[in-house]
Structure formats: C-alpha cells, structure tokens
Amino acid sequence: MMRFAYLGSGSKGNAALVQCGRTTVMVDCGLPLAEAELRLQRLGLAPDQLDGIVVTHEHSDHVGGIARLAQRHRLPVWLTPGSLKGWPEAPAECIRLISPHEPFELGELRVEPFPVPHDAREPCQYVFGDGRLRLGVLSDAGSVTAHMRKLLSACDALLVEFNHDPVMLAKGPYPGQLKRRVGGDRGHLSNAQAAGLLRGIDCTRLQHLVLIHLSEVNNTPEHARAAAAAALNCSESWIACAHQRDGLDWRELR
Ligand SMILES: [Zn+2]
Ligand SMILES: [Zn+2]
C-alpha cells in the first residue's frame, strides 16, 4: 500500500508526503519550521518519523523550510548537484547527492527522478514506486517533454501542476517580466498545457489525480478542474486540488 498527502501546495510553500510501508519521505518543504511541524501533526506524523526529504529544485517555495527541519530532526536531504549549487543555505551535513537520471532506493520506495524544463539550476521531478504501484509528481515545469510523458505514463496516481489560466495571467496584476517568466517554456504549466500532458499519456490506471501548485492570483480551482476533467473525460468532482493552506489529506493507492 502506498499513500500520499500535502502539507501545502503553491508559491507560498510546497510540501508533500509519500509513504510506503514503514518508509515516509517528504517532497520539498517551503514552509517555516513551526508551520511544517504543525501540519505534519495534522496529518498524524511527527517529524522524526520522516526518513528524509527529496528536493525538486532550489526555489524558496520548495526548500525555504528544509534547513531548519532537516538539522533539527537529523533528516537526510536528497537533491541534484545543481540544486545544491543554487542553494547556499543547504544544510551540508544532511546532503545526499543524486543524479536526475538514475533511480535510487529509499527504504521501501523506489525513486525515479527525471529532469524538467524550469528556471532553476538542475530541477527534477519524481516517480515513486513500490514495485507495483507508481505515483508521479510534477510540481514545476514550463513545458512538457517526451521524457516527462514517458515517465508519467501509466501511473496509478498523478500530482500535476495546473499553475495558471493564460487569460487570467495576461489580465492579472503581475508585472510584464514576471508574466513572461511564468508563461515561458521554463516557467509554469498552464491549465491547457497540463491538460495536454494528461491527453498525451496513458491514464488508464489512474486512481487519483491531484492538481497542485495552483496560482492563487492567476487561476481558480474551478478553471483547473474543468480543464483536467475535459482531458480525462471524467467528472470534475473526481479530481482533487491541493490547497495552499489546507494541503490535502491522505489518499491511498491500492
Ligand atoms: Zn514552485
Ligand atoms: Zn520553481
């Protein structure tokens, strides 16, 4: 059995949990220490029950809370050499370097990293598996590559960035440079781009689809859900959104 949950998702701080048997890993932590501990408790876990933290990239909404959490609870932190270079505050004694091209074992979990186009030093995302079930995570990418499609195909659960609605982004309050960054090939996925990814991969095994990293300014859960439901030809109520403040409660893969 595998299960997953979110402490929070969005540009104010991301953190997810993936659990398989006795192994529990956190994916990123962009929340302050007290907030992370509180939200872990909300999900029934103490920080010292974590086996470590897997990092996607060095942007502060993903690593901002890791140094204190990892140091206080002596947690290993897995990341690429590029992510380490881009993160001067990284807790040196906790670091375990990985290649974004090589799967590795983490307790009972098999972790498959894959590189993604995003404006960080060496960003990657992950597929977590137990040998039977596969859970794909894609939180930050500006565009979709053939390699991403291959890795995220035939997953049993997908957690996918539905960042913005292009019309809301264009009409919204962001300055022009930031609009171009978010909408660019190394920025963030629009609802249409993420829906296009779902259309381009095998979703027949999917037990859970969770929309993550939604912009609170340039998107609404309704817009994102509608795009995802149209792509999968399923009801909108089947699709979950991970919330910035409330995260997402545990969901099980069977
Ligand atoms: Zn992010
Ligand atoms: Zn980012």
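Above this text is the structure in question.
Everything in this summary refers to the structure shown in the same document. (Residues numbered from 1 in each chain as written. Chains lettered and ligands numbered in written order. Predicted model: local features only at pLDDT ≥ 70, side-chain atom pairs only at ≥ 80, totals over all residues. Heavy atoms only, no water.)

Notes on the overall build of the chain
For clarity, the threshold we go by: Helix numbering and strand numbering both begin at the N terminus, where a helix is a DSSP run of H or I of at least 4 residues and a strand a DSSP run of E of at least 2. In this treatment the radius of gyration is a C-alpha quantity, and the globule benchmark scales as 2.2 Å times the residue count to the 0.38 power. Burial classes: relative accessible area under 20% of the type maximum marks a residue as buried, over 50% as exposed, and values in between as partly exposed (1.4 Å probe, protein chains only). Between two residues, a contact is recorded if the distance between any of their heavy atoms is within 4.5 Å. The accessible surface values rely on the Shrake-Rupley method and a 1.4 Å probe; as for residues, cover is taken only from the protein chains in view. In summary, the charge assignment counts Lys and Arg as positive and Asp and Glu as negative, without counting His or the chain termini. To locate a charge, take atom NZ for lysine, CZ for arginine, CG for aspartate or CD for glutamate.
Scanning the chain from N- to C-terminus turns up nine helices and 14 strands. Its C-alpha atoms give the chain a radius of gyration of 17 Å, near enough to 18 Å, the size a compact globule of 254 residues would have. Oriented by its inertia axes, the alpha-carbon framework of the chain measures out at about 45 × 40 × 35 Å. Counting the 254 residues in the chain, one finds 57% classified as buried. Considering only intrachain contacts with a sequence separation of at least 6, the fraction spanning at least 24 residues in the chain is 64%. Carbon and sulfur atoms form 50% of the exposed surface of the chain, whose accessible area is close to 10,700 Å². Across the chain, the 27 positively charged side chains and the 28 negatively charged ones have centroids separated by 2 Å.

Describing the sheet that holds strand 6 (residues 95-97)
Basically, it comes down to this: A pair of strands is treated as paired once DSSP finds two or more bridges between them. Note on geometry: axes are lines fitted to C-alpha atoms, helical ones only across the stretch in contact, with angles between N-to-C directions running from 0 to 180 degrees.
Strand order in the open sheet formed by seven strands is 6-5-4-3-2-1-14, and the pairing between neighbours is mixed. Of all strands in the sheet, those bounded by a partner on one side alone are strand 6 and strand 14 (248-253). Shown here is a sheet whose adjacent strand axes are inclined to one another by a mean of 25°, direction ignored. Bridging between strand 1 (residues 2-8) and strand 2 (residues 15-20) involves six bridges; their strand directions are antiparallel.

Some words on the coordination of the zinc ion (ligand 2)
Stated precisely, the cut-off is as follows: Only nitrogen, oxygen and sulfur atoms qualify as donors, and only when within 2.8 Å of the metal (3.2 Å in the case of Na, K and Ca); with water excluded, sites may look incomplete. Square planar and octahedral assignments, for four and six donors respectively, both demand that opposite donors be over 155 degrees apart and that all other angles lie between 65 and 115; tetrahedral needs four donors with all angles between 85 and 135 degrees, and anything else is irregular.
Of the protein atoms, only H57 (NE2), H59 (ND1), H118 (NE2) and D140 (OD) coordinate the zinc ion (ligand 2), at distances of 2.1 to 2.8 Å. Classification of the site at the zinc ion (ligand 2) as irregular follows from its four donor atoms and the range of 90 to 170° in their angles at the metal. Taken in sequence order, the residues that donate to the zinc ion (ligand 2) follow the motif H-x1-H-x58-H-x21-D. In this structure, the zinc ion (ligand 2) lies 3.5 Å from the zinc ion (ligand 1), and both are coordinated by D140.

Shape descriptors only; they carry no functional weight alone.
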